[in-house]
Amino acid sequence: AENGKQRWKKRFRKAGSFSAPVSDDQNLYVSSTNQGIYVIQPDDGKLLQKVNYRVGFGEPIVHSRTLYALAFNSLIYSFKIRERAGAR
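Residues numbered from 1 in each chain as written. Predicted model: local features only at pLDDT ≥ 70, side-chain atom pairs only at ≥ 80, totals over all residues. Heavy atoms only, no water.

Draft legend 1. Spotlight on the environment of arginine 54. In this structure, arginine 54 sits in the loop between strand E4 (47-51) and strand E5 (61-63). According to the relative accessible area criterion, arginine 54 is exposed, its value standing at 81%. For arginine 54 and lysine 5, which are 49 residues apart along the polypeptide, the C-alpha to C-alpha distance reads 36 Å. (Helix = DSSP H or I, 4+ residues; strand = E, 2+ residues; numbered from the N terminus. Buried < 20%, exposed > 50% of the residue type's maximum accessible area, 1.4 Å probe, protein only.)

Draft legend 2. Structural detail: the sheet that holds E5. Here we have 3 strands laid out as an open sheet, ordered E5-E6-E7, and antiparallel in their pairing. With one partner strand each, in any of the chains shown, E5 and strand E7 (76-80) form the two edges of the open sheet. Each neighbouring strand pair of the sheet contributes to a mean axis angle of 25 degrees, computed without reference to strand direction. Alignment of strand E6 (residues 66-70) against E7, held across 5 bridges, turns out to be antiparallel. What sits directly across from leucine 67, in E7, is phenylalanine 79. (Pairing = 2+ DSSP bridges. Axes fitted to C-alpha atoms, helices over the stretch in contact; angles between N-to-C directions.)

Draft legend 3. Looking closely at the environment of alanine 20. One can find alanine 20 in the segment before strand E1 (22-23). The spatial distance from the C-alpha of alanine 20 to the C-alpha of valine 30 is 6.5 Å, given a sequence separation of 10 residues. When near neighbours in sequence (up to four residues on either side) are disregarded, alanine 20 contacts Tyr29 and Glu59. (Contact = heavy atoms within 4.5 Å.)

Draft legend 4. Representation of the side chain of aspartate 24. As for its position among the elements, aspartate 24 is in the loop between E1 and strand E2 (28-32). Relative accessible area serves as the criterion here: at 17%, aspartate 24 is assigned to the buried category. A polar contact is formed between the side chain of aspartate 24 and the backbone nitrogen of asparagine 27, at a distance of 2.7 Å. Apart from the residues lying within four places of it in its own chain, the contact partners of aspartate 24 are Tyr29, Val62, Arg65 and Ile81. (Polar contact = N/O pair within 3.5 Å; in protein donor to acceptor, adjacent residues only side chain to side chain.)

What follows is the structure, given as structure tokens:
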């Protein structure tokens, strides 16, 4: 945002379609129709974790250090978000 230049980009193969990214104070969360949910470090695009239950997910939301996502198997999933060491 400082100079309008791209900071990083990341490619995920065979992931299908993606939701818009959602964030909390330390991570980005992106769900895909084929490969689950990706947890990404916003500063450099590093993949921190991939949550894959062999089902696609709709757009997740974050509330009170918990990530919620509706899967295409008609189940809603809830994941507790831990504080990352060295996070802001």
